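These are the residues of each chain, in order.
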Amino acid sequence: MKRWLLPVLALGLLLSLTSAGSAQPKDTLTVALVSHAPTLDPHMHFERVGILVNVNMFDSLLHRNTKLEYEPSLATSWKALNDTTWEFKLRKGVKFHNGDPLTAEDVKFSFDRVLEPGKEKKKSPQYGNIRAVKEVRIVDADTIQVITDKPFPLLLERLVFFAIVPKKHIEKVGDEAFGTTAAVGTGPWKLVEWKRDQAIRLEAFDGHWRGKPPFKNLVFRAVPEVATQIAEMKTGGVDIIRNVSADLIPELKASPMTYVSSTPILRVHYVELDMRQPPFDKKLVRQAANYAIDKQALIQKLMGGLGQQVATVVQPRAFGFDAEVQPFPYDPKKAKELLAQAGFPSGVDITVHSASADFRPQFEAIAQMLTEVGLRTNARMWDPGPAWNKFFQTEGKATHAAYGTWGNYSVFDADAVLHPLFHTEPGGWIGKHYTRVEGLDKLIDEGRSTIDQARRKRTYAQIQKIIRDEAPAIYLFTQYDTLAISKKVEYAARGDEWLWLYDAKPKK
Amino acid sequence: MTAFVVRRLVRLVVVVIGVSLVTFAILHASGDPVALIMPEAPEADRAVLRRTLGLHDPLPVQFARFVGNTLTGNFGTSFFHRTPAFALVVERMPTTLLLTSLSMALAMAIALPVGIYSAVRRGRPVDQVATGTVFLGQSMPVFWTGIMLILLFSVQWRLLPVSGWDSWASIVLPTATLSTFTAPLLLRIVRSSMLDVIRLDYVRTARAKGVSEWLVICRHALKNAALPVVTVTGLQFGLLLGGAVITETVFAIPGVGRLIVGAIRQLDFPVVQAGVFMLAMIVVAVNFLVDLLYGYLNPQIRIR
């Protein structure tokens, strides 16, 4: 009769034998990511979670410091020789993890690997980033020239994450092994092992040119569930978690084990207005929509104060930002007046779409605010898949407006948001469907066709004045990113959402 | 017997075709994976990728290719991982099977003794507690159970790791979570079929012959009570695989379920198709075994 006791006893025994043992050794830094990228090869994916790992293993020609300024990395200096030729001096004495020295050949190889000149199908999803590069020329052992097909002002931005990889090594082991078991770079940490969807383990590289990083071991665990990440954080199983949402911040601040670090990131929120048809074909209605939204209420009430109101879609830290252009104030009375002037004294019915499930409360609040001034809004939520088809394929059908966010691909330049959102050329993105502002295309083209930064700045100032007035979108705010960090670790969130863990130090 | 096996195999093929068709249709109705892979890239770049992935062909062409490939066991290359989808699924299968088998075993280990005991001592305290717990267990979603167990055993008492899949200790909580999902239903079935059986004449006869209570219950009653239990166990296995999807996500376990969830989010068609196909195969196989068990348990049921 006692046989059923056995499994229960066995379970009890198992429980008593196991020790939690989740406390990390002191020289190990563990980061929780929601997932792993498909490969460790820095050229063969386009995943944020992959870039975060890659930057700690690979160096690029340029580095971006915590103030988001360019810093020498594998290139010690650079200059533009003319509109289409850039020259880079390479750092001497740099070694890859396998001991091979860095050469100009490796740099050229890295570019050619992504550009694959002459091939129609490109392997690398990052091809679009540097498609303007026509040729990389080796001048001498320490000098290379990058030649673009037309003036390409974003080149330096693109090179901040453009990993330099070892030619000889890759030719020996092949792409497949390089992306899984044999990833080799020049960065502060080298690969120990990768258990897919479990942990990427890295170890400090003795020969790194900056010197050894403060933490010997670096682990990137894949933990998809936020609640689990937080439980890990509370028990010391991980030291850093990303993308902490506003509602969780108080709990993590109160914990004796953790603190939080927030910073504005390069992601702007807006509602794109369909200018092809009524009512948003009228400028006054578009302006009314901008006056109708209480951005401060959204930021304070729904985002825990972690947001910054913007005048247009160009963000304060992007190149070309013009601080003189002022945001639309919240003025529902004025909104109603403008609406009446535009011929809608008793309001009008509209539909607004969104596929951003994470920002549903903001979307619904906006719908309510629009309704209050007479833009009676039917708010429609979509799953991302079908939404892409409807909003952006063949002809944009997100009539009359769509809530959106744009991350600029972490490029700190006005062009990275203006072109996709408002340019109407067929190769464009959202603007080609919805935006119809006279003369705007020409100005955006002008901004990207010179590397004379002073001239570009003037062009972008002019564009911001025009789009503030024409209001092809409702301008909202920039988003913040929040990290939760173990009190044993000293680190701060970066504006480009990178985890550059060379800067992380153990706290005494 | 041969006819029986053949009929079951035909049914298996029908199920497999059905599952593949439904998966294909739902996936292709759900949008453009390329837009998700490179959401902020210009159309020209996305067109290149669409060609690379074979998504530029008309739907009927894609479907024909899909059927042809499936028949040869080739599910294509994962859009996201850029490796064969089937291999990705197979690589993670052992983890999911271990998790579900252990959970099923644990659920049985709880449900059989407690269910039998409650039936024999009907209305007594053990029975009342067990019946109450069943309701509680059945009304807790797996997701919530998992988080609660983590908070108690890992955060509060520091007994077990929060998540992961690298030691026996890390297997305990997910297994317990998943079995709270199955154990209550099994327990109820065991209890009620035992209750049905122990009232029957042959049980009374056995007792009258002087057979010990232990033998009466385990030898005579249990074998007849086992039929519904076996049926439900087979059906539960499918549900258990569904529960494993959630459990694997909560506990960060690298199994098939989590692979499929990720693939659905990325609209990674080949991986979803291969994963769903494999899970369907397992459910079909388990139920096939259940059918065979019937014959053993009750020779009266002639296999038709």
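Residues numbered from 1 in each chain as written. Chains lettered and ligands numbered in written order. Predicted model: local features only at pLDDT ≥ 70, side-chain atom pairs only at ≥ 80, totals over all residues.

Attention now moves to the overall build of chain A. Looking only at helices and strands, chain A has 16 helices and 19 strands in total. A compact globule built from 508 residues would reach a C-alpha radius of gyration of about 23 Å, and chain A, at 25 Å, matches this within 12%. Projected onto its principal axes, the C-alpha coordinates of chain A cover approximately 80 × 75 × 45 Å. Counting across all 508 residues of chain A, residues that qualify as buried make up 47%. (Helix = DSSP H or I, 4+ residues; strand = E, 2+ residues; numbered from the N terminus. Rg over C-alpha atoms; globule rule 2.2 N^0.38 Å. Buried ≥ 20, exposed ≤ 12 C-beta atoms within 10 Å, placed from the backbone.)

What follows is about the overall build of chain B. Across its full length, chain B carries 12 helices and zero strands. When the helices and strands of chain B are listed from N to C terminus, the series reads α-α-α-α-α-α-α-α-α-α-α-α. Its C-alpha atoms give chain B principal-axis dimensions of roughly 85 × 55 × 30 Å. Within chain B, the proportion of its 304 residues that are buried is 43%.

Three or four residues apart is the spacing at which side chains of an α-helix point the same way, because the helix has 3.6 residues per turn. In a regular helix each residue adds 1.5 Å, so 15 residues correspond to 21 Å; helix H7 (residues 142-156) of chain B covers 20 Å between its end C-alpha atoms and thus fits that length. Of all bends in H7(B), the biggest is about 25°, found at Ile150(B). Val142(B), Thr145(B), Gly146(B), Ile150(B) and Ser154(B) are the residues of H7(B) that are buried. In this structure, the buried residues of H7(B) make contact with helix H6 (226-234) of chain A together with helix H8 (168-198) and helix H10 (213-250) of chain B. (Expected span 1.5 Å × (residues − 1). Bend = angle between axes of the 7 residues up to and from the residue. Contact = placed C-beta atoms within 7 Å.)

Let us now look at the confidence of the model for chain A. Residues at a pLDDT of 70 or more form 93% of chain A, whose mean pLDDT is 90. For the stretch residues 12-22 of chain A, pLDDT sits under 50, and the model shows 16 contacts to residues farther than four places along the chain or on other chains. (pLDDT = per-residue confidence, 0-100.)

Turning our attention to the pairing of strand E16 (residues 401-406) of chain A. Residues and elements named next belong to chain A. Of all six residues that make up E16, five are buried, and the element is covered over most of its length. With six bridges connecting them, strand E12 (residues 258-273) and E16 associate as antiparallel partners. The residue bridging Val 271 from the neighbouring strand is Tyr 403, located in E16. Inspection of the sheet shows strand E14 (residues 348-354) paired to E16 by two bridges, in the parallel sense. From the neighbouring strand, His 353 faces E16, where its bridge partner is Ala 402. (Pairing = 2+ DSSP bridges.)

To continue, consider the sheet that holds strand E6 (residues 133-140) of chain A. Residue and element names in this part refer to chain A. Pairing within the open sheet is antiparallel, and its four strands lie in the order E4-E5-E7-E6. Edge positions in the open sheet fall to strand E4 (75-82) and E6, since each of these has one partner strand only. Between one strand and the next, the sheet's axes are offset by a mean angle of 20°, whatever the strand orientation. Inspection of the sheet shows strand E5 (residues 85-90) paired to strand E7 (residues 143-148) by five bridges, in the antiparallel sense. Note that in E7 the partner of Glu 87 across the bridge is Gln 145. Lying over the sheet, helix H3 (residues 104-115) contacts E5, E6 and E7, oriented at roughly 170° with respect to E6. (Axes fitted to C-alpha atoms, helices over the stretch in contact; angles between N-to-C directions.)

Okay, the nonpolar core next. Judged by nonpolar contacts, the single largest core of 214 residues is most densely connected at Val271(A), Ala292(A), Ala111(B) and Leu186(B). With 16 residues, the single largest contributor to this core is helix H5 (residues 85-120) of chain B. (Core = buried A, V, L, I, M, F, W, Y, C linked by C-beta atoms within 7 Å.)

All right, on to H3(A) then. Residue and element names in this part refer to chain A. Between its terminal C-alpha atoms H3 stretches 17 Å, which fits the 16 Å expected from 12 residues at 1.5 Å a residue. Within H3, burial applies to Asp 106, Val 107, Ser 110 and Val 114. Down the axis of H3, the buried side of the element spans an arc of 105°, and every buried residue falls inside it. Contacts from the buried residues of H3 go to E5, E6, E7 and helix H5 (167-180). Where H3 ends, the next residue or the one after it, Glu 116, has phi of about 40°, a positive value. (Arc of directions from axis to C-beta.)

This part covers the pairing of E14(A). All names here are of chain A. Bridge count for E14 against strand E15 (residues 375-381) is seven bridges, and the pairing is parallel. The residue bridging Asp 349 from the neighbouring strand is Arg 376, located in E15. Handedness of the β-α-β unit built from E14, helix H11 (residues 360-373) and E15 comes out right-handed. (Right-handed = clockwise from strand over helix to strand, strands pointing away.)

Glancing now at unusual backbone geometry. All names here are of chain A. The omega torsion across Pro 278 and Pro 279 is 0°, close enough to zero to call that bond cis. Mapping Pro 279 onto the fold places it in the loop between E12 and helix H8 (283-292). Of note, the amide linkage connecting Thr 399 to His 400 takes the cis form, showing an omega dihedral of 10°. With respect to the helices, strands and loops of the structure, His 400 is situated in the loop between helix H12 (384-392) and E16.

So, on to the packing of H10(B) against helix H12 (residues 269-297) of chain B. When two helices pack together, you describe them by how their axes are tilted relative to each other and by the distance separating the axes. Residue and element names in this part refer to chain B. Across the interface, H10 lies against H12 with an axial gap of 9 Å and an inter-helix angle of 175°. By the criterion of interaxial angle, the relationship of H10 to H12 is roughly antiparallel. Only Leu 279, Ile 282, Val 283, Val 286, Asn 287, Val 290, Leu 293, Tyr 294 and Leu 297 of H12 make contact with H10, whose side of the interface consists of Lys 223, Ala 226, Leu 227, Val 230, Thr 231, Gly 234, Phe 237, Gly 238 and Leu 241. Here the residues of the contact of H10 with H12 are counted per class, giving 13 nonpolar, four polar and one charged. (Parallel < 35°, antiparallel > 145°, perpendicular 65-115°, else oblique. Nonpolar A, V, L, I, M, F, W, Y, C, P; charged D, E, K, R; others polar.)

Time to look at the confidence of the model for chain B. Low pLDDT means the predicted coordinates in that region are not meant to be read closely. Looking at chain B as a whole, its pLDDT mean stands at 85, while 95% of the residues score no less than 70. With a pTM of 0.87, the predicted complex shows an ipTM of 0.86.

All names here are of chain B. Within the secondary structure layout, Thr 70 lies in helix H4 (residues 59-71). Judged by the 18 C-beta atoms lying within 10 Å of it, Thr 70 is partly exposed. Placed 54 residues apart in sequence, Thr 70 and Val 16 show a C-alpha to C-alpha distance of 10.0 Å. In contact with Thr 70, not counting residues within four places along its chain, are Ser 20 and Phe 75.

Okay, the packing of H7(B) against H10(B) next. Residues and elements named next belong to chain B. For the pair H7 and H10, interaxial distance at closest approach is 9 Å and the crossing angle is 35°. The hand of the H7/H10 crossing is right-handed. Counted together, Val 142, Phe 143, Gly 146 and Ile 147 of H7 and Gly 243, Ile 246, Thr 247 and Val 250 of H10 form the full contact between these two elements. Its residues placed into classes, the contact of H7 with H10 shows five nonpolar, three polar and no charged. (Left-handed = near helix turned anticlockwise from the far one by under 90°.)

If you trace the backbone, Glu324(A) turns up in the loop between strand E13 (307-309) and helix H10 (332-341). Through-space distance from the C-alpha of Glu324(A) to that of Arg64(A) is 27 Å; in sequence the pair is 260 residues apart.

Here we take up the environment of Gln308(A). In this fold, Gln308(A) is placed in strand E13. For the pair formed by Gln308(A) and Arg137(A), sequence separation is 171 residues and the distance between their alpha carbons is 43 Å.

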